[in-house]
Amino acid sequence: MARGPKVIVIGGGTMGSATAWALAARGAAVTVLERFSHVHEYGSHSGFTRITRESYHEGAGYVPLVRRADALWQALGERVGERLLVRTGMVEFGPESDPEYAGAIAACRAAAVAHELMDAAEARRRFPIAVPDGWTACFTPSGGYLRVGPCLEALKREAISLGADWRTGARVREVALGERPRVLLDEGTLLPADQVVVTAGAYLPGLLPGFLPGRLKVLRRVLAWTRPDPLEVPRLAAMPVWAGFTPQGFMYGFPHGDEGVTGFKLACHAPTADPSEAAVDPERVDRSIHPADLAPLAGFLDAYLPAGRGEFVHATVCLYTCTPSTDFVIDRVPGDRRVWVAGGFSGHGFKFAPAIGELVAEAVVTGEAPEALRAFARARHGG
Ligand SMILES: Cc1cc2nc3c(=O)[nH]c(=O)nc-3n(C[C@H](O)[C@H](O)[C@H](O)COP(=O)(O)OP(=O)(O)OC[C@H]3O[C@@H](n4cnc5c(N)ncnc54)[C@H](O)[C@@H]3O)c2cc1C
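Residues numbered from 1 in each chain as written. Predicted model: local features only at pLDDT ≥ 70, side-chain atom pairs only at ≥ 80, totals over all residues. Heavy atoms only, no water.

In the annotation of an unreviewed UniProt entry, the protein chain is listed under the name N-methyl-L-tryptophan oxidase and assigned to Nannocystis pusilla.

> Can you break down the site of the ligand residue by residue, with the values?
Close to the ligand lie 33 residues, the nearest being Thr14, Glu34, His40, Cys318 and Lys351. A distance of 3.1 Å separates an oxygen atom of the ligand from a polar atom in the backbone of Gly349. The contact in question runs from an oxygen atom of the ligand to an N or O atom on the side chain of Lys351, over 2.8 Å. In isolation the ligand has 1000 Å² of accessible area, and contact with the protein removes 97% of it. When contributions to the shell around the ligand are tallied by element, the ones reaching two or more residues are helix 1 (14–25), strand 2 (29–34), strand 3 (49–52) and strand 18 (310–322). The element best represented in the shell around the ligand is strand 18, accounting for three residues. Counted by class, the shell around the ligand contains 16 nonpolar, 12 polar and five charged residues. (Near = heavy atom within 4 Å. Polar contact = N/O pair within 3.5 Å; in protein donor to acceptor, adjacent residues only side chain to side chain. Areas by Shrake-Rupley, 256 points an atom, 1.4 Å probe, with all protein chains shown as cover. Helix = DSSP H or I, 4+ residues; strand = E, 2+ residues; numbered from the N terminus. Nonpolar A, V, L, I, M, F, W, Y, C, P; charged D, E, K, R; others polar.)

> Can you tell me about the packing of helix 1 against helix 9 (residues 353–366), naming the residues and giving the values?
Axis separation between helix 1 and helix 9 bottoms out at 7 Å; the angle between their running directions is 55°. By the criterion of interaxial angle, the relationship of helix 1 to helix 9 is oblique. Relative to helix 9, the crossing made by helix 1 is right-handed. Side by side, helix 1 and helix 9 meet where Thr14, Met15, Ala18, Thr19, Trp21, Ala22 and Leu23 of the first sit next to Ala353, Pro354, Ile356, Gly357, Glu358, Val360, Ala361, Val364 and Val365 of the second. Here the contact of helix 1 with helix 9 is built from residues that sort into 12 nonpolar, three polar and one charged. (Axes fitted to C-alpha atoms, helices over the stretch in contact; angles between N-to-C directions. Parallel < 35°, antiparallel > 145°, perpendicular 65-115°, else oblique. Left-handed = near helix turned anticlockwise from the far one by under 90°. Contact = heavy atoms within 4.5 Å.)

Following this line, the structure appears as structure tokens:
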């Protein structure tokens, strides 16, 4: 039985599931409130798979967090008897003059990440990627992908087995700050708590508009799957997860597989909006797929991965919630020490979930932010 504080977690998606699991493991009495079902298409975890990588072009400072999360995913998978992390290795390619690609290589060197740098001819020999002469490729054996549904199911199941109360179809309308934080559900119930953790993903700016006003941007992104020529499938299925730092943007994808959809999955990772791109409202975002969504992906395949070309058989919309720096924001709400927020995962948060859950749970239970959370303080984002 839980002996610790009564904690409400708002949003049972990626970070909420991980935080609830870590809180329950520390003896907290946890209630998770999720407005949709457990695992759904309306937030930031749709699309069945997520890349994990140590070649962290966003900064070598993230590498220890990737490593901690990797160990936690593996331990969780062993505990629940399910493969959560598929270790394929990761290959990235680009011109070394590209600052982000150079950043990925620099992170490998700075954090002693095992990696192999090769020229274009060697990369073309090993992978079905048309790496242009003059570019290089960097292979990191620690890369791979996480299976979203099994990961989130495992976190939920473990949290419930440790006493967590998990409610789906429970939409929070408001978090009332004051003597004791209270959470108002859509149907009118007011739930008191000792502490509250808000992990509402793309719905965070709507739920807590005062948390980081004007600094969180929700962006619409598209994931797509092709059906390549069957003769190419064995080569594509044997690929590691991959990413190209190209003039068309940071394109990435997975080996050919049947995780949720049978096909060759790819997307463009653009965590900052170009000046012409408007932020979207997650309640009203256009979830239809248009030719303009798929054209850049087809163009990328034509230029660099022709074996992956084929009819698009599926595509889905997913939401990024981006901070200006693309670093996460994990902190208390201003003026209330008992309400924590973990958000702004800027399109690269999934891999970290159990490590983030652990840090947030530690902060909630001890009342002190662990050192590792300092990098994600609200003040760093202009808050
Ligand atoms: C296209 C795409 C590709 C990505 N690829 C990768 C990748 O390869 N590797 C990687 O590491 N990361 C990747 N990410 C990022 C990663 O998936 C996200 O950073 C992560 O899922 C964010 O987790 P979250 O908990 O903030 O959001 P979610 O998982 O969306 O969880 C938020 C939850 O809160 C619930 N909620 C919201 N408001 C309320 C309310 N008022 N009441 C109750 N519940 C509420 C929502 O329904 C939702 O379930 C990708 C993201 C996208 C969109």
